[in-house]
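So you can see what is in the structure, the chains are spelled out below.
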Amino acid sequence: MELKQSFLKTLNGFKQMTPILIGVLLLVSLSLKAIPKSFYTNVFTGNNLLDPLLGAVVGSVAAGNPVTSYIIGGEFLEQGISLLAITAFILAWVSVGVIQLPAESLMLGRKFALVRNGISFLTALVVSILTVLTLTLV
Amino acid sequence: MINKILEKIGSQWIFLILVVFLYLILCFFNLSLVKESLVGFTDLFLKIIPAFVVVFFLMFVFSLFFDSKKTSELIGRQAGIKGWLIAIIGGIISMGPIYMWYPLLADLREKGMRNAFIVVFLYNRAVKIPLLPMMIYYFGLPFVVILTFYMILFSIINGILVGKIVKQN
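Bear in mind the structure is a predicted one, so any value in this text is a computation, not a measurement. Sequence order sets the numbering: in each chain, residues are counted from 1 along the sequence as written. Key to labels: chains lettered from A, ligands numbered from 1, both in the order written. In view of the model being predicted, local features appear only for residues whose pLDDT reaches at least 70, and side-chain atom pairs are presented and counted only at 80 or more, with totals across whole chains, interfaces and linings using the full set of residues. Each side-chain value is derived from all of the structure's non-hydrogen atoms; neither hydrogens nor water enter the calculation.

### Section: the overall build of chain B
Basically, it comes down to this: Each helix is a run of H or I in the DSSP string that is no shorter than four residues. Each strand is a run of E no shorter than two, and both are numbered from the N terminus. Throughout, radius of gyration means the C-alpha value; the globule benchmark is 2.2 Å times the number of residues raised to the power 0.38. Any residue under 20% of the maximum accessible area for its type is buried, any over 50% is exposed, and the rest in between are partly exposed; the area is computed with a 1.4 Å probe on protein chains only. Pairs of residues are marked as contacts when any of their non-hydrogen atoms sit within 4.5 Å. The protein chains shown are the only cover counted for residues, whose accessible areas, like all others here, come from Shrake-Rupley with a 1.4 Å probe. Positive charges come from Lys and Arg alone, negative charges from Asp and Glu alone, with His and the N- and C-terminal ends not counted. Lysine's charge is taken at NZ, arginine's at CZ, aspartate's at CG and glutamate's at CD.
Broken down by element type, chain B carries nine helices and zero strands. For chain B, the succession of helices and strands along the chain, N to C, is α-α-α-α-α-α-α-α-α. Radius of gyration (C-alpha) of chain B: 20 Å, far over the 15 Å computed for a compact globule of 169 residues. Along the first, second and third principal axes, the C-alpha set of chain B runs to 55 × 50 × 30 Å. In chain B, which comprises 169 residues, the proportion classed as buried is 46%. In chain B, the share of contacts with a sequence separation of at least 24, taken over all contacts with a separation of at least 6, comes to 74%. Element-wise, carbon and sulfur atoms account for 74% of the exposed surface of chain B, whose accessible area totals about 9,500 Å². Taken as two groups, the 15 positive and 7 negative side-chain charges of chain B have centres that lie 7 Å from each other.

Written out as structure tokens, the structure reads:
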């Protein structure tokens, strides 16, 4: 393919993507401002069965840099929240994207986006159990 | 009639219009939140510019040098282990927010990239080598090693599952 043709094709692809990108950035920014960090701390109940699930749910809805999830996770650890819940929270944060779901659906297909995020959510729970279990055995 | 209008506008613009509408509604309830969010939006936008440039360059290079045959060989049905490795390493070394990579992946899928490899790429974006020291600081080395191992392993399992559920032409 010629240089100019490839450039124009890429440019056209980006033009299509721009409104979606702006929409997602607006949603991410809104969620970052609307949900204060203190909200996450108040979610957990101290129940060992319920907390991992809550961690995964909250992590799925949250958006932002993975570093933020590590910092919040570190704070949770100091507050005595179970490692299982924290791991599920971090994993869901980095692998499930409820806020990005419309963009993923528009670009990669609705079924793909729903199935991928659904499986990633379940994986967050399974991997957190396996990680904590392995850690106790090592 | 409405369907035709919506089709003409395009789903990407409808999505943006809906988000702007949400902001407008919020203006009536919490104007300061909207103002803060708009400032945050500008910051986020400036932050993603480097990733934006990288993805644009990659899309341009792929468009120039990778036809359907070549894409299929590397990350298509015939790719085998090579395809899994490319998807894992690509996901780990990729930078910027996840949504920046959707158009490139959609483009590559049109050329024959497997859904399973897209899933593996997206899942392994969670494994960020520059951020590992930070994670080790908070949770310790054994935790990070075990978690990273399971994340890579489960990225493949997720890829296989999604590949089986979401059929590809």
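### Considering the overall build of chain A
The secondary structure content of chain A amounts to seven helices and zero strands. Starting at the N terminus and ending at the C terminus, chain A contains elements arranged as α-α-α-α-α-α-α. Considering only C-alpha atoms, chain A reaches an extent of 60 × 35 × 25 Å along its principal axes. Looking at the 138 residues of chain A, the share that counts as buried comes to 52%. A separation of at least 24 residues holds for 72% of the contacts in chain A among residues at least 6 apart in sequence. Carbon together with sulfur atoms contributes 66% to the accessible area of chain A, which is approximately 6,100 Å² in total. Considering chain A, the positive charge centre built from 8 side chains and the negative charge centre built from 5 side chains are found 16 Å apart.

### Remarks on helix α4 (residues 68-75) of chain B
All names here are of chain B. Worth spelling out the cut-off: Arc definition: directions from the helix axis to the C-beta atoms.
Among all positions of α4, only T71, S72 and I75 are buried. For α4, the angular spread of the buried residues around the axis is 100°, confining them to a single face. Of the surrounding secondary structure, the elements contacted by the buried residues of α4 are α5 (81-93), α6 (102-110) and α7 (115-124).

### Focus: the pattern of salt bridges
Condition: One side-chain nitrogen of Lys or Arg within 4 Å of one carboxyl oxygen of Asp or Glu is enough to make a salt bridge.
A complete count under the given rule lists two salt bridges over all chains for this structure. One salt bridge connects K9 of chain A with D107 of chain B, and the closest N-O pair in it is separated by 3.9 Å. With K9 of chain A in helix α1 (residues 3-34) and D107 of chain B in helix α6, this residue pair bridges two chains.

### Remarks on the environment of S60 of chain A
Residue and element names in this part refer to chain A. Mapped onto the elements, S60 comes out in helix α3 (residues 50-61). A relative accessible area of 4% means that S60 is categorised as buried. Along the sequence, S60 and F121 sit 61 residues apart, while their C-alpha atoms lie 7.4 Å from each other. If we skip the residues at most four places from it in the chain, S60 touches A92, W93, V96, G97, V98 and F121.

### Points about the packing of helix α3 (residues 31-65) of chain B against α6 of chain B
All names here are of chain B. The condition that has to hold: Only the contacting stretch of a helix is used when fitting its axis, a line to C-alpha atoms as for every element, and angles between N-to-C directions run 0 to 180 degrees. What sets the label is the angle itself: under 35 degrees gives roughly parallel, over 145 gives roughly antiparallel, 65 to 115 gives roughly perpendicular, and the rest give oblique. Crossing handedness follows the turn of the near helix against the far one: under a right angle anticlockwise gives a left-handed crossing, and clockwise gives a right-handed one. Throughout, the ten residues Ala, Val, Leu, Ile, Met, Phe, Trp, Tyr, Cys and Pro are labelled nonpolar, Asp, Glu, Lys and Arg are labelled charged, and all others, Gly among them, are labelled polar.
One way to put it is that α3 packs onto α6 with a least axis distance of 10 Å and a crossing angle of 10°. With respect to α6, the element α3 is oriented roughly parallel. In the packing of α3 onto α6, the handedness of the crossing is left-handed. Along the contact surface, α3 presents V55, L58, M59 and F62, while α6 presents P103, L104, D107 and L108. For the contact of α3 with α6, the class distribution of residues is seven nonpolar, no polar and one charged.

### What about a positive patch on the surface?
Let me state the cut-off plainly: Patch membership requires more than 30% relative accessible area and the absence of a salt bridge. Residues of like charge join within 9 Å; the nonpolar side chains Val, Leu, Ile, Met, Phe, Trp and Tyr join within 5 Å.
On the surface, a cluster of positive charge is made up of K111 of chain A together with R77, K164 and K167 of chain B. Its place among the elements puts K167 of chain B in the segment after α9 (141-165).

### Things to note about the confidence of the model for chain B
Residues and elements named next belong to chain B. Filter applied, for reference: Each residue gets a pLDDT score, which is the predictor's confidence in that residue and runs from 0 to 100.
Summing up the model confidence of chain B, the mean pLDDT is 88 and the portion of residues at 70 or higher is 98%. When mean pLDDT is compared element by element in chain B, α9 scores highest at 95, while helix α1 (residues 2-9) scores lowest at 72. Scored as a whole, the predicted complex attains pTM 0.84, and scored at its interfaces, ipTM 0.84.

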